[in-house]
Amino acid sequence: MPVSDPTSAVPPLSADQRKAAAALLRSQTPAAAELGELFARAGHELALVGGSVRDVFLGGHPAGDFDMTTDAVPEQVLEIVGEWADKTWTVGIDFGTIGLRKDDDIFEITTYRSESYGPRSRKPDVKYGTSLEEDLVRRDFTINAMAARLPSYELVDPFGGLAALQERMIRTPGRPEDSFSDDPLRMLRAARFAARLGFTVADDVQAAMRSQASRLSIVSAERITDELTKLMLTDNPAYGIDLLVRTSVADQVLPELPALRMEVDEHHHHKDVYEHSLTVLRQAIELEPRYGLSRDLVLRLAAILHDIGKPKTRTLLPGGKVAFHHHEVVGAKMARKRLTELRFGKEVVAEVSRLVELHLRFHGYGEGEWTDSAVRRYVRDAGPLLSRLHVLTRADCTTRNARKAARLAASYDALEARIEELREREELDKIRPELDGTEIMRILELPPGPLVGKARNYLLELRLEQGELGRERVTQELLRWAEAEGLEPPADSQ
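Here the structure is a predicted model, which is why all the values come from computation and not from measurement.

Chemist: Please explain the packing of aromatic side chains as it appears in this structure.
Modeler: Think of a pair of aromatic rings as described by two things: how far the centres are apart, and how the planes are tilted against each other in angle. Inspection of every chain in the model, using the stated rule, returns 6 aromatic pairs. With a centroid separation of 4.7 Å and 70° between ring planes, the pair formed by Phe 362 and Tyr 412 is classed as edge-to-face. Taken together, the residues span a long stretch of sequence, with Phe 362 in the loop between α18 (346-358) and α19 (372-382) and Tyr 412 in helix α21 (residues 402-425) at a distance of 50 residues. There is no split in this pair, since Phe 362 and Tyr 412 are both buried. Among the aromatic side chains, those forming a connected cluster through ring pairs are Phe 66, Trp 84 and Phe 107. Directly above the ring of Phe 193 sits Arg 192, whose terminal nitrogen or CZ lies 4.9 Å from the centroid.

Chemist: What exactly am I supposed to notice about the pattern of salt bridges here?
Modeler: Here the idea is simple: oppositely charged side chains can pair when their charged atoms come close. Applying the stated criterion across every chain yields a total of 38 salt bridges. Put simply, Arg 394 and Asp 413 hold a salt bridge, and the shortest N to O gap is 2.6 Å. Taken together, the residues Arg 394 in helix α20 (residues 386-395) and Asp 413 in helix α21 connect sequence positions 19 residues apart. Residue classification places Asp 413 among the partly exposed positions, given a relative accessible area of 39%. The shortest N-O distance in the salt bridge between Glu 416 and Arg 394 comes to 2.9 Å. Pair noted here: Glu 416 is in helix α21 and Arg 394 is in helix α20, with a separation of 22 residues, a long-range link.

Chemist: What should I look at first to understand helix α9 (residues 186-197) in this one?
Modeler: Structurally, the α-helix is built with 3.6 residues per turn, so residues lying three or four positions apart point the same way. The end-to-end C-alpha separation of α9 is 16 Å, in line with the 16 Å expected for 12 residues at 1.5 Å each. In terms of residue burial, α9 counts as a mostly covered element, since 10 of its 12 residues are buried. Residues Arg 186, Met 187, Leu 188, Ala 190, Ala 191, Arg 192, Phe 193, Ala 194, Ala 195 and Leu 197 constitute the buried set of α9. Phi turns positive one or two residues past the end of α9, at Gly 198, with a value near 75°.

Chemist: Teacher, can you tell me more about the sheet that holds strand β4 (residues 97-102) here?
Modeler: Backbone-to-backbone hydrogen bonds join strands into a sheet, with any given pair of strands oriented parallel or antiparallel. One open sheet holds the 7 strands; their spatial order is β3-β4-β5-β2-β1-β8-β9, and the pairing between them is mixed. Edge positions in the open sheet fall to β3 (87-89) and β9 (154-156), since each of these has one partner strand only. Averaged over all pairs of adjacent strands, the angle between their axes in this sheet comes to 30°, without regard to strand direction. By the bridge criterion, 6 bridges tie strand β2 (residues 65-70) to strand β5 (residues 105-111) in an arrangement that is parallel. Note that in β5 the partner of Asp 67 across the bridge is Glu 108.

Chemist: So what exactly am I meant to see when it comes to a negative patch on the surface here?
Modeler: A cluster of acidic residues, Glu 34, Glu 37, Asp 103 and Asp 104, forms a negative patch on the protein surface. Note that Asp 103 resides in the loop between β4 and β5.

Chemist: What am I meant to see in the nonpolar core here?
Modeler: One recurring pattern in soluble globular proteins: nonpolar side chains tend to sit buried together. Counting 119 residues, the largest nonpolar core has Leu 35 and Met 209 as the members making the most contacts within it. Not counting chain neighbours up to four residues away, the residues in contact with Met 209 comprise Phe 180, Met 187, Ala 190, Val 201, Leu 243, Leu 244, Thr 247 and Val 249. Core analysis: the second largest hydrophobic core is formed by 14 residues, Ala 455, Leu 459, Val 474 and Trp 481 among them.

Chemist: For this particular structure, what's the right way to read the confidence of the model for the protein?
Modeler: Should the pLDDT be low somewhere, the predicted coordinates at that spot are not to be read in detail. Across the protein, pLDDT averages 88, with 90% of residues at or above 70. Taken as a whole, residues 1-8 scores under 50 in pLDDT and shows 16 contacts with residues more than four places along the chain or in a different chain.

Chemist: When you look at the side chain of His 306 in this model, what are you seeing that I'm missing?
Modeler: Tracing the chain through its elements places His 306 in the loop between α15 (297-305) and α16 (310-313). Given a relative accessible area of 0%, His 306 falls into the buried group. Of note is the side chain of His 306, whose polar atom sits 3.3 Å from the side chain of His 276. There is a polar contact of 3.2 Å between the side chain of His 306 and the side chain of Asp 307. When residues no more than four places from it in sequence are discounted, the contact partners of His 306 are His 276, Ser 277, Val 280, His 327, Val 356, His 359, Leu 392 and Asp 396.

Chemist: Quick question: what am I supposed to make of the packing of helix α14 (residues 273-287) against α20 here?
Modeler: Axis angle and axis distance: for two packed helices, these are the angle between their axes and the distance between the axes, and together they describe the pair. Look at α14 against α20: their axes get within 8 Å of each other, and the N-to-C directions meet at 135°. With respect to α20, the element α14 is oriented oblique. The chirality of how α14 crosses α20 is right-handed. When α14 is examined against α20, the residues Val 280, Gln 283, Ala 284 and Leu 287 are found in contact with a partner set consisting of Val 391, Leu 392, Arg 394 and Ala 395. In the contact of α14 with α20, the residues fall into 6 nonpolar, 1 polar and 1 charged.

Parameters at a glance
Residues numbered from 1 in each chain as written. Predicted model: local features only at pLDDT ≥ 70, side-chain atom pairs only at ≥ 80, totals over all residues. Heavy atoms only, no water. Phe/Tyr/Trp six-rings, centres within 6.5 Å; stacked < 30°, edge-to-face > 60°. Helix = DSSP H or I, 4+ residues; strand = E, 2+ residues; numbered from the N terminus. Buried < 20%, exposed > 50% of the residue type's maximum accessible area, 1.4 Å probe, protein only. Lys NZ or Arg CZ within 6 Å of the ring centre and 35° of its normal. Salt bridge = Lys/Arg side-chain N within 4 Å of Asp/Glu carboxyl O. Expected span 1.5 Å × (residues − 1). Pairing = 2+ DSSP bridges. Axes fitted to C-alpha atoms, helices over the stretch in contact; angles between N-to-C directions. Patch = residues over 30% accessible without salt bridge, like charges linked within 9 Å, V, L, I, M, F, W, Y side chains within 5 Å. Areas by Shrake-Rupley, 256 points an atom, 1.4 Å probe, with all protein chains shown as cover. Lys, Arg positive; Asp, Glu negative; His and termini not counted. Charge placed at Lys NZ, Arg CZ, Asp CG, Glu CD. Core = buried A, V, L, I, M, F, W, Y, C linked by side-chain atoms within 4.5 Å. Contact = heavy atoms within 4.5 Å. pLDDT = per-residue confidence, 0-100. Polar contact = N/O pair within 3.5 Å; in protein donor to acceptor, adjacent residues only side chain to side chain. Parallel < 35°, antiparallel > 145°, perpendicular 65-115°, else oblique. Left-handed = near helix turned anticlockwise from the far one by under 90°. Nonpolar A, V, L, I, M, F, W, Y, C, P; charged D, E, K, R; others polar.

As structure tokens, then:
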């Protein structure tokens, strides 16, 4: 990639600034100095690089996990650190990376390199480089293209990473078109860093994202999912998602989201469904601590995807209104399909799609007309997802009508109170028949088989409808059911 334009725009640091930067880096990463001295004695270069440098200038600390780069090839790195390191590993050696541990610190040392993807390649072409500056230009963004030479801690910042941190701006070291062509996943990384740091993405970077979005087709689903997961777990994923939608990158990875932009939500005439979904995601994140949740991937995915069934179920009604009948059922199927294609884990796929399916269930509660049976079913159907369903349901209220919002919140407060009341009286979190399969077979003198399952389902419905009845009453109900099913009553059912 050409580097003359970016570097020519970067003013050099003064001697005092360089001295201050080195002092700061040394104070925050003292564990790196000893390793730098080892490489220097062996006649090789070593530099702290990337996030390890960036986070120091952002006021953080690498916390014992250091990224480094060197002119030594992996075999030489192993020879240099062999006696010094407590442990080494070579999982990334094909990409020039050696990992090691010393006391409580982890180091990943990568040989200077350049890498690029061919027009249809899913694997990068990796070549070793010869200089630190050549290595830095291959980095994704200028804020990650800074280094500190070791053991002196001399700052190397050829592309204005410090200035970008001050501006709170995401830029690329070279032309963004070249950067994204070389590794299309960087478009998702731009959104992730913007969301994580609250930075603005430069106009030329956004333009390149639009022009290069289709290049994501060469990236594996696993790599895309890894980046999406990291984005969703930032403090403000809605910011990054909106960037992906505005730059057409979402068309390649989550096309269901841009499809929401023109759909009018019948409950929120002032917002389209897309804006509503972003708001639900933000509100769900705000509610996480209240329910003992933290950076919950399942909840956040369900929040952003909960209405994706609306475009397919949109129906025009008299008076200009719009309805989306059964969009939760359609949306659950769509969420399952999309997340499966992205190779999310089976549990994540099942739980997200289940929450999407359940997210409207509360709206039948009205002014508290639900019977105890209906409350039990609500808890049973949510199962271990109940806390997440509480959050998603509350977050789904985005109306600007303060009176309506207060009414919905009070109604859900009442439902949660009823759940707690029933929980105190019954084992509400473990709703099951009062007789298990073995007892059913003994009472009805049945062998294992489908009839036992049918009897158990009957007793489960009885438990949901009437609560705990006691073993004697349930046994009599089971015998009555067996008689109605035409089963011969046992000689002694007690």
